[in-house]
Amino acid sequence: AAVSGRIESAATRLFWILCSIAIVLNGIKLILRDGDLQSFVAVLVRFVLIIGVFEFLLLHGSAIGSSIINSLTSLTAEHGGGPAELADAVIEVSFALLHSIEESSGWFSINKLVMGIFLILFDFILFCVVASCLVLYLSAYLLCVLGVFVLGFGALSFTRPIAVNYLKAVLAVGLELMTMILICNVGVRGLTMVRGLVEGGGKITFAVYAVLLLVAVLVWA
């Protein structure tokens, strides 16, 4: 919010500078082609429409980008949560496993050591997933604000693809974030099942550790 005003101002200055260049170039083209009044009106109407569209995007680009991202992420966020819920599930499963060790009889110190190493790896891998999702989330909204600058290139036909790429980039990062949240949902559901097994008195063997570690690696990958 602190920098968005300056970015919009810089983008607006760039936009109107390129608008002036575009007017001169279009005028030269009409002169060289001996354009009549009809050609002049057609070029003028097209130019005014382009200015109007990109001026609107300059004023509301951040809000439009945020709306796209919110719309895409809401499709998967409603089915089990996101990185916050995954972090909670990791902590709950870890405490459930630790509690099961304390209550189990016949466990040797080597077993507790293995459990400790497993929990360190398990928590680290899944918290990396949470961190990746949060970084992507922040990057998406930073793109919505900082990327508005490239909308200033929309005035000139040669640089217009750069401005259009802003919307493409927002859509791409929104789809990526939507996928990441879906992966977090899968992780939450899997960890909920594991927690139910542990708290239900299920037998926790080294094979269970291996499977959990494999699932954590797959989710991270």
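Residues numbered from 1 in each chain as written. Predicted model: local features only at pLDDT ≥ 70, side-chain atom pairs only at ≥ 80, totals over all residues. Heavy atoms only, no water.

All right, on to the overall build of the chain then. Helix and strand content of the chain: six helices and zero strands. Counted from the first residue to the last, the chain has its helices and strands arranged as α-α-α-α-α-α. Referenced to the eigenvectors of the C-alpha coordinate spread, the extents of the chain come out at roughly 95 × 30 × 25 Å. Residues counted as buried form 36% of the 221 residues belonging to the chain. (Helix = DSSP H or I, 4+ residues; strand = E, 2+ residues; numbered from the N terminus. Buried < 20%, exposed > 50% of the residue type's maximum accessible area, 1.4 Å probe, protein only.)

With 15 residues, helix 6 (residues 206-220) extends 21 Å from end C-alpha to end C-alpha; this agrees with the ideal 21 Å at 1.5 Å per step. Within helix 6 the residues assigned to the buried category are Tyr209, Leu212, Ala216 and Val219. Summarising the axial view, the buried residues of helix 6 lie within an arc of 95 degrees, below the 170-degree limit, and thus occupy one face. Those residues of helix 6 that are exposed and angled more than 90 degrees off the buried face are Ala207, Val211 and Leu218. (Expected span 1.5 Å × (residues − 1). Arc of directions from axis to C-beta.)

Under the defined criterion, the tally for this structure stands at one salt bridge. For Glu92, the salt bridge goes to Arg195, with nearest N and O atoms at 2.9 Å. Here Arg195 lies in helix 5 (residues 160-199) and Glu92 lies in helix 3 (residues 83-103), a separation of 103 residues in the sequence. The class for Glu92 is partly exposed, based on a relative accessible area of 37%. On the accessibility criterion, Arg195 (31% relative accessible area) is partly exposed. (Salt bridge = Lys/Arg side-chain N within 4 Å of Asp/Glu carboxyl O.)

Worth remembering: the numbers are spatial, not functional.
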